[in-house]
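The residues making up each chain are set out below.
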Amino acid sequence: MGDTAKLILQDQEYELHVRVGTEGNRVIDISKLYAMTGHITLDDGFANTGGATSAITYIDGEQGILRYRGYRIEELAERCDFLEVAFLLIYGELPTAEQLEEFRQGIRRRTLLHEGMKDIFRGFPPDAHPMAILSSVVNALSIYCKDSLDPLDENQRQLAMYRLLAKMPTIAAFGYKQSVGQAFMYPQNHLDYCQNFLYMMFALPSERYHINPEHVEALNLLLILHADHGQNCSTSTVRMVGSSNVNLFSAVAAGINALWGQLHGGANEACINMLEQIVAEGGNIGKFIDRAKDPNDPFRLMGFGHRIYKNYDPRAKIIKAMADRLLSKQAATNPLFQVAQELEEVALKDPYFVDRKLYPNVDFYSGIIYRALGIPKNMFTVLFALGRLPGWIAHWREMHMSSSKRIHRPRQLYIGYPERPYVPIVKRSTEPPKEVSIQRPPQGVFPGGEFEL
Ligand code: CMC
């Protein structure tokens, strides 16, 4: 293969540069395409589009390989703690002992929230989803941390990164405490990152709290495995929003919202719901497999399939082994884990899943571990967000440090009306075409009287 691709458009030939990374796909560089040809490309879902040049994470979806900054995920998961991996992702190298201590210290000293922020939590109703709370309060950090909002100033960038890494676990735990009506437990800075989070989640002011080391180990592992995954939906969102030069807190709040969806980070919660439903309905796995295969049924096997992995997700392998270890110590067998394993076995032999290369992904077994740690279901995606934070930060920083950074502004294939004359209101058709018919929202009874609160 040569270093150029030839494109023939209306009898005119153009040469496009083919770029080669250190590993992975060869890339046809179309950055000059519009200027050269007046044409753009179309790629719904960006399945064929490189959205960034990045040196952070390498994924080989065919082989089931994931590496952060060149290091195999299996090795990092076995040997590192989460903040060490966060340092690696953000700065590109594993830290020396001194660098790591400085990094830990910088984070430790910033775990508290401004006292005024407690009122924000108090304003949310008890049934507020923790992901909505997390994104709202992370965004609110931009109100309280005004001296770290400029993404073009390296000192402010550093401060914002430290603050976010330090405060996000506190925000996540306070959101949970608010939802269960318990006192906020302030961070304890003598604890490490994962211990501190479990303490803030589960300790009570009236009780002595014992931190289970196995739970710390499992949490550390899950955070590492979620820490980055290339140009996924939430990371691309952080890059997209960040490209307007908005502050880090607001860019990450946008990423949290993107993560919430069921096709992305929300799949772990959806997966446990599915496993619970299977157990509740007597363990009829065949019925759920049939539903997932039915093209007329929108149901999908949650925790299965991936845009990039066409092989077993390496993270799922590690998580499954951890679930096995953690749950083997429980006296009774865990019905959810049992059903999950049976479901996997059946799906991996079924031609529908085999032909489409659908394997368990990171979300298939992670919920089972969160469950064993006592994390409530609606907090699962919050845990994913805590894990993904170093990845979001690393990509945001990489983008701002790149000399080719531009605001993200895709074009489109327009399929609407060509120009047409304005129609005065009295002359408009009373039967508008379907696309613009207005559906009235259901009429509820408004507690505040005539107006909805
Ligand atoms: N169950 C049943 N069928 C599936 C599933 C599934 N979980 N996933 C994909 N398919 C089928 C799909 O119906 C399509 O079939 P056909 O070719 O007959 O139309 C084919 O496989 C290709 O699917 P796709 O939707 O074109 O694939 P995608 O790359 O756009 O979607 C995905 C990837 C992860 C959104 C999808 O596999 C899915 O919805 N999985 C379930 C949700 C999930 O587990 N999400 C977590 C992803 S990993 C963590 C993360 O990224 O946050």
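All of these numbers come straight from a predicted model, not from anything done at the bench.

Draft legend 1. Region of interest: the overall build of the protein chain. Along the protein chain, the regular secondary structure elements total 18 helices and 6 strands. Expected size for 453 residues packed as a compact globule is a radius of gyration near 22 Å; at 24 Å, the protein chain falls within 12% of this value. Counting contacts in the protein chain only where the partners sit at least 6 residues apart, residues at least 24 apart contribute 69% of the total. Side-chain charges in the protein chain split into 48 positive and 51 negative, and the spacing between the mean points of these groups amounts to 3 Å.

Draft legend 2. Local environment of helix α17 (residues 362-372). Counted residue by residue, α17 has 9 buried out of 11 residues, so it is predominantly covered. All of the buried residues in α17 are Val362, Asp363, Phe364, Tyr365, Ser366, Gly367, Ile368, Ile369 and Tyr370. At its buried positions, α17 is contacted by α9 (213-226), α12 (267-280), α14 (314-328), α15 (335-349) and α18 (380-401). Structurally, the start of α17 carries an N-cap: the backbone nitrogen of aspartate 363 is 2.9 Å from a side-chain oxygen of asparagine 361. Of the residues trailing α17, glycine 374 is marked for its positive phi of about 85 degrees.

Draft legend 3. Structural detail: the packing of aromatic side chains. The final tally for this structure, using the stated rule, is 19 aromatic pairs. A centroid spacing of 6.3 Å and a plane angle of 65 degrees characterise the contact between tyrosine 199 and tyrosine 209, whose relative ring orientation is edge-to-face. In this pair, tyrosine 199 sits in helix α8 (residues 193-202) while tyrosine 209 sits in the loop between α8 and α9, placing the two residues 10 residues apart along the sequence. Here tyrosine 199 falls in the buried class, since its relative accessible area comes to 16%.

Draft legend 4. Structural detail: the state of the cysteines. On inspection of all chains with the given rule, the structure shows 0 disulfides. Free cysteine: cysteine 194, not disulfide-bonded; nearest cysteine sulfur from cysteine 80 at 13 Å. Free cysteine: cysteine 233, not disulfide-bonded; nearest cysteine sulfur from cysteine 271 at 19 Å. On the accessibility criterion, cysteine 233 (46% relative accessible area) is partly exposed.

Draft legend 5. Main features of the environment of leucine 327. Along the chain, leucine 327 turns up in helix α14. You can call leucine 327 buried: its relative accessible area is 7%. In sequence terms leucine 327 and phenylalanine 337 are 10 residues apart; their C-alpha atoms lie 8.5 Å from each other. In contact with leucine 327, other than residues within four places in its own chain, are Asn334, Phe337, Ile368 and Ala372.

Draft legend 6. Molecular detail of the site of the ligand. The ligand sits among 20 residues. The nearest are His264, Arg300, Leu301, Gly303 and Arg307. Taken together, the residues of the shell around the ligand sort by class into 10 nonpolar, 6 polar and 4 charged.

Draft legend 7. The arrangement of the packing of α17 against α18 in detail. Two numbers describe how α17 lies on α18: the axes approach to 10 Å, and their chain directions differ by 105 degrees. Our classification of the angle between α17 and α18 gives roughly perpendicular. Residues Asp363, Gly367, Tyr370 and Arg371 of α17 pack against Phe380, Leu383 and Phe384 of α18. Its residues placed into classes, the contact of α17 with α18 shows 4 nonpolar, 1 polar and 2 charged.

Draft legend 8. Examining the pairing of strand β2 (residues 12-20) more closely. Direction of pairing for strand β1 (residues 4-9) relative to β2: antiparallel, over a ladder of 6 bridges. Bridged to alanine 5 within β2 is leucine 16. The hairpin formed by β1 and β2 contains 2 residues between the paired strands, and glutamine 10 there has a positive phi angle of roughly 45 degrees. Taken together, β2 and the strand that follows it, strand β3 (residues 26-28), pair antiparallel across an intervening segment of 5 residues, in which glycine 24 is found at a positive phi of about 90 degrees.

Draft legend 9. Quick peek at the pattern of salt bridges. Under the defined criterion, the tally for this structure stands at 22 salt bridges. The partner of lysine 357 in a salt bridge is glutamate 62, and the shortest N-O contact between them spans 4.0 Å. Within this pair, whereas lysine 357 is found in the loop between α16 (351-355) and α17, its partner glutamate 62 is found in the loop between β4 (57-60) and β5 (65-68), the two being separated by 295 residues in sequence. Where salt bridges share partners, they join Glu154, Arg157 and Arg397 into one cluster.

Draft legend 10. Molecular detail of a nonpolar patch on the surface. Nonpolar side chains collect at one region of the surface, where Leu42, Leu413 and Ile415 lie side by side and expose about 380 Å² of accessible area between them. Residue placement: isoleucine 415 occurs in the segment after α18. You can call isoleucine 415 exposed: its relative accessible area is 75%.

Draft legend 11. Here's a closer look at the packing of α9 against α17. Taken N-terminus to C-terminus, the directions of α9 and α17 make an angle of 155 degrees; their axes are 11 Å apart at the nearest point. One element, α9, and the other, α17, form an angle in the roughly antiparallel class. Where α9 crosses over α17, the handedness of that crossing is left-handed. Residues His215, Ala218, Leu222 and His226 of α9 pack against Val362, Asp363, Ser366, Ile369, Tyr370 and Ala372 of α17. A breakdown of the residues in the contact of α9 with α17 according to their chemical character gives 6 nonpolar, 3 polar and 1 charged.

Reading guide: rules and limits
- Residues numbered from 1 in each chain as written.
- Predicted model: local features only at pLDDT ≥ 70, side-chain atom pairs only at ≥ 80, totals over all residues.
- Heavy atoms only, no water.
- Helix = DSSP H or I, 4+ residues; strand = E, 2+ residues; numbered from the N terminus.
- Rg over C-alpha atoms; globule rule 2.2 N^0.38 Å.
- Contact = heavy atoms within 4.5 Å.
- Lys, Arg positive; Asp, Glu negative; His and termini not counted.
- Charge placed at Lys NZ, Arg CZ, Asp CG, Glu CD.
- Buried < 20%, exposed > 50% of the residue type's maximum accessible area, 1.4 Å probe, protein only.
- Polar contact = N/O pair within 3.5 Å; in protein donor to acceptor, adjacent residues only side chain to side chain.
- Phe/Tyr/Trp six-rings, centres within 6.5 Å; stacked < 30°, edge-to-face > 60°.
- Disulfide = S-S within 2.5 Å.
- Near = heavy atom within 4 Å.
- Nonpolar A, V, L, I, M, F, W, Y, C, P; charged D, E, K, R; others polar.
- Axes fitted to C-alpha atoms, helices over the stretch in contact; angles between N-to-C directions.
- Parallel < 35°, antiparallel > 145°, perpendicular 65-115°, else oblique.
- Pairing = 2+ DSSP bridges.
- Salt bridge = Lys/Arg side-chain N within 4 Å of Asp/Glu carboxyl O.
- Patch = residues over 30% accessible without salt bridge, like charges linked within 9 Å, V, L, I, M, F, W, Y side chains within 5 Å.
- Areas by Shrake-Rupley, 256 points an atom, 1.4 Å probe, with all protein chains shown as cover.
- Left-handed = near helix turned anticlockwise from the far one by under 90°.

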